[in-house]
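A structural walkthrough
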Amino acid sequence: MSRRNSGRPGAPTSWQKKALADLRTIAAEQPDILRVVGAPERTDDGAVAVTIEIDTKGTVWLEGGLLLQPREQFVMRIPPHALLPPQVDVTHTRFLGHPHVLQGHRLCLYLDPAREWNPADGIRSSLDRLWGWLSDAAGNRFDASTALYHAVGGVLHQSAAAPTIVVREPVPPKNVQAGYLIPRTVQRLDLTFIPREPPAARLPVITAPAPLPMGAGTTLVQLLQQIDASPGSAAAPFAPAVLTSLVTSVVRNADGTPQYFLLAVPHPAGGPPHLIAGRIPATAADELRDLARRHPGSLNKITPSAVNPTVPIEWCRVSDERQAVTTRRDASRPVNNYQDKHVHIWGCGGIGSWTAEFIARAGAAHITLCDPGVVTGGLLVRQNFLEIDIGETKAAALADRLRNIDDNLTVDIAKGILPDDAEQVMHQADLVIDATISLAIGQALDVLARTPDRKATLAQIATDTRTGTLGILTACAPDTLQGPHTLDSQVGLSVLGDHLLELYHPLWQESEHGDELVPTRGCSVPTFHGSSADLAAVAATLTTFLGMQMAVSTSGTHLIALPHAHSGPHHHYVPPTP
């Protein structure tokens with residue numbers, strides 16, 4: 001009796017065997033271009049490493065490009081399965097500091113393996129990408145300005161259990177300065193440069209003299225070594241200054257607490273520095289405190305050689321939200337027109353509660369909510385509220401939610417059904433949205449539309465009674481004396497007369513028996529149908545169209561139907577009647 005040995009440690013997987021066989025086949029087909037050098041070797045992580053040599057004489061060099069030798073050797077590491085692409089390394093440092101070279105040795109062939117790696121194309125596709133990489137590198141076709149992580153070796157500096165440091169303030173261009181961390185949650189600390197008393201923790205913010213193309217290491221000693229060994233560093237060592245700033249902070253924080261630091265690393269292409277943040281665990285930080293106390297009054301005399309070489313660094317995730325490096329993900333979308341605006345939302349129910357959230361996320365500066373209604377449990381099925389909100393007014397509950405979306409957003413509440421200062425609102429707000437379906441408020445808005453020199457765009461949004469899959473938006477630009485209610489009535493006459501728009505006729509027709517829903521036995525106020533998915537989708541679509549109307553500053557009416565509405569058209573625009 002003998003054991004099968006196909007599963008013994010070190011045996012290539014079927015994927016690796018196929019990849020190696022394909023590699024040899026390609027080398028046999030093009031012996032002048034590709035050679036497989038030596039035998040494949042198994043690595044500790046289960047990959048198979050094989051050395052290949054490529055003839056690069058066919059690449060075209062342009063000024064600023066990577067200088068290649070006539071033949072270049074690479075180590076191709078093939079993972080044990082096809083979920084990850086092969087990885088390509090070099091065994092020298094001639095590529096160090098070049099864009100898309102990670103930690104001096106690894107070539108970044110796949111910026112986003114999830115989208116760029118296709119296992120079905122096999123090892124041949126990886127060779128094609130390697131050849132493309134060499135051609136682009138020699139031809140200086142990489143955009144170094146987008147290679148953000150290349151300032152610190154091209155790899156993420158993150159430890160699993162470390163918190164996230166939020167950076168929104170610009171980092172002053174100083175070699176060393178003090179910063180303060182304000183705890184917001186267990187997993188979040190906010191950086192500020194304004195001195196704070198405890199519980200804020202003091203940390204040094206250090207600007208490195210040069211990029212760190214080999215990375216920043218995993219221990220304090222490794223970091224200090226990398227800072228002074230980096231190409232481009234000043235002749236005089238900078239590590240002692242880093243250490244002095246660190247121990248200066250550590251003695252000002254309480255015993256038994258970790259010590260954080262922020263490192264601003266210059267980017268090879270210029271511009272704002274790349275930020276990485278480290279944490280020295282509490283026990284190791286206490287070691288530094290003991291070291292500092294042995295040098296009272298002379299912290300600047302502590303040298304890196306005095307530091308325990310095992311003092312670890314836990315790298316924190318940095319949420320870098322500085323304006324100089326951050327582009328909003330919705331920058332080119334219609335909702336961008338809500339940015340920095342003051343928006344009144346009257347009615348915080350099925351449509352209004354979702355609309356308010358979308359506008360808050362779009363970057364509005366100020367939102368005023370008006371709705372005296374109270375949240376009940378049945379509303380949670382489709383309105384934008386939580387269990388904890390039950391019993392609270394809709395406006396107050398929604399205000400709390402919006403404030404948690406954006407620290408910079410001002411949210412206030414107008415008491416009553418209509419703000420007492422509604423006429424002043426016409427001059428103060430950029431946009432007033434009526435989401436109440438109240439005829440009285442609609443008619444009041446018609447009167448307010450005639451306010452001289454009105455600044456606010458007026459809008460009315462609603463869904464249909466029967467399905468909650470239709471939406472209507474009427475917008476009145478500031479130079480329009482008609483209000484949304486009047487404009488809506490005019491549009492209704494034309495839509496009801498058009499059989500091609502029969503889908504939208506219910507928006508102006510009286511409800512028939514069965515159209516509405518009685519949510520609770522004995523309830524005398526029936527409501528409309530619709531789920532949270534329906535209403536959020538309708539609100540999102542109307543929010544987008546309103547953003548488009550804001551951009552052109554014109555009046556008009558949009559009719560929309562969700563994709564699962566029973567017919568079409570799914571969008572129809574009605575311009576105002578001259």
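As the structure is a computational prediction, the values presented were derived from the model and not from experiment.

Another point: the packing of aromatic side chains. Working definition: an aromatic ring pair is given by the centre-to-centre distance plus the angle between the planes. Tallying each qualifying case throughout the model produces 5 aromatic pairs. Consider the rings of tryptophan 15 and tryptophan 117, whose centres lie 6.2 Å apart with planes at 75°: the pair is edge-to-face. Pair noted here: tryptophan 15 is in helix α1 (residues 14-29) and tryptophan 117 is in the loop between α2 (113-116) and α3 (122-138), with a separation of 102 residues, a long-range link. Both rings, one in phenylalanine 261 and one in tryptophan 315, keep their centres 5.8 Å apart while their planes meet at 75°; by these two values the pair is edge-to-face. Of this pair, phenylalanine 261 sits in strand β11 (residues 259-265) while tryptophan 315 sits in strand β13 (residues 314-320), and the two are 54 residues apart along the sequence. For tryptophan 315, a relative accessible area of 4% puts it in the buried group. Members of the aromatic cluster, joined through ring pairs, are Trp15, Tyr110 and Trp117.

Core analysis: the largest hydrophobic core is formed by 41 residues, its most contacted members being Ile367, Leu369, Leu402 and Ile433. At the level of secondary structure, the elements contributing two or more residues to this core comprise β14 (342-346), α7 (352-361), β15 (366-370), α8 (394-403), β17 (431-434), β18 (457-463), β19 (470-476) and α12 (532-552). No other element matches α12, which puts 8 residues into this core. Ignoring anything within four residues of it in the chain, the contact list for isoleucine 433 reads Val343, His344, Ile345, Trp346, Thr355, Ile359, Ala459, Ile461 and Leu546. With 34 residues, the next largest nonpolar core counts Leu223, Leu243, Val247 and Ile313 among its residues.

This brings us to the sheet that holds β15. In spatial order, the strands read β16-β15-β14-β17-β18-β19-β20-β21; together these 8 strands make up an open sheet with mixed pairing. Across the chains shown, the open sheet's two edge strands, defined by having one partner strand only, are β16 (410-413) and β21 (571-574). Strand after strand, the sheet turns through a mean of 15° between neighbouring axes, direction not considered. Where β18 and β19 come together, 6 bridges link them in antiparallel fashion. Its bridge partner being in β19, isoleucine 461 is matched across the sheet by leucine 473. The strands touched by helix α10 (residues 439-448) are β14, β17 and β18; relative to β17, the strand with the most contacts, the crossing angle is about 155°. Against the sheet, α12 makes contact with β17, β18, β19, β20 (556-561) and β21, and its axis sits at roughly 25° relative to β19, the strand it touches most.

Quick look at the pairing of strand β12 (residues 274-280) now. Where burial is concerned, most of β12 is hidden: 7 out of the 7 residues are buried. The side-chain alternation of β12 yields two buried faces, one formed by His274, Ile276, Gly278 and Ile280 and the other by Leu275, Ala277 and Arg279. Two strands pair when backbone bridges link them, and β11 and β12 are joined in this way by 7 bridges, in the antiparallel orientation. When the bridges of β12 are listed, glutamine 259 appears paired with isoleucine 280. As paired strands, β12 and β13 are joined by 3 bridges and run antiparallel to one another. Across the sheet, residue alanine 277 finds its bridge partner in β13, namely cysteine 316.

A cis amide bond links glycine 568 with the next residue in sequence, proline 569, at an omega value of 0°. Turning to its location among the elements, proline 569 is positioned in the loop between β20 and β21. Even without being a glycine, glutamine 103 presents a positive backbone phi close to 50°. By the secondary structure assignment, glutamine 103 is in the loop between β5 (101-102) and β6 (106-107). Phi at asparagine 140 takes a positive value of approximately 60°, unusual for a residue other than glycine.

Most of α7 is tucked away, with 8 of its 10 residues classed as buried. All buried positions along α7 are accounted for by Gly352, Ser353, Trp354, Thr355, Ala356, Glu357, Ile359 and Ala360. Looking one or two residues past α7, glycine 363 carries a phi angle of roughly 100°, positive in sign.

Conventions adopted
Residues numbered from 1 in each chain as written. Predicted model: local features only at pLDDT ≥ 70, side-chain atom pairs only at ≥ 80, totals over all residues. Heavy atoms only, no water. Phe/Tyr/Trp six-rings, centres within 6.5 Å; stacked < 30°, edge-to-face > 60°. Helix = DSSP H or I, 4+ residues; strand = E, 2+ residues; numbered from the N terminus. Buried < 20%, exposed > 50% of the residue type's maximum accessible area, 1.4 Å probe, protein only. Core = buried A, V, L, I, M, F, W, Y, C linked by side-chain atoms within 4.5 Å. Contact = heavy atoms within 4.5 Å. Pairing = 2+ DSSP bridges. Axes fitted to C-alpha atoms, helices over the stretch in contact; angles between N-to-C directions.

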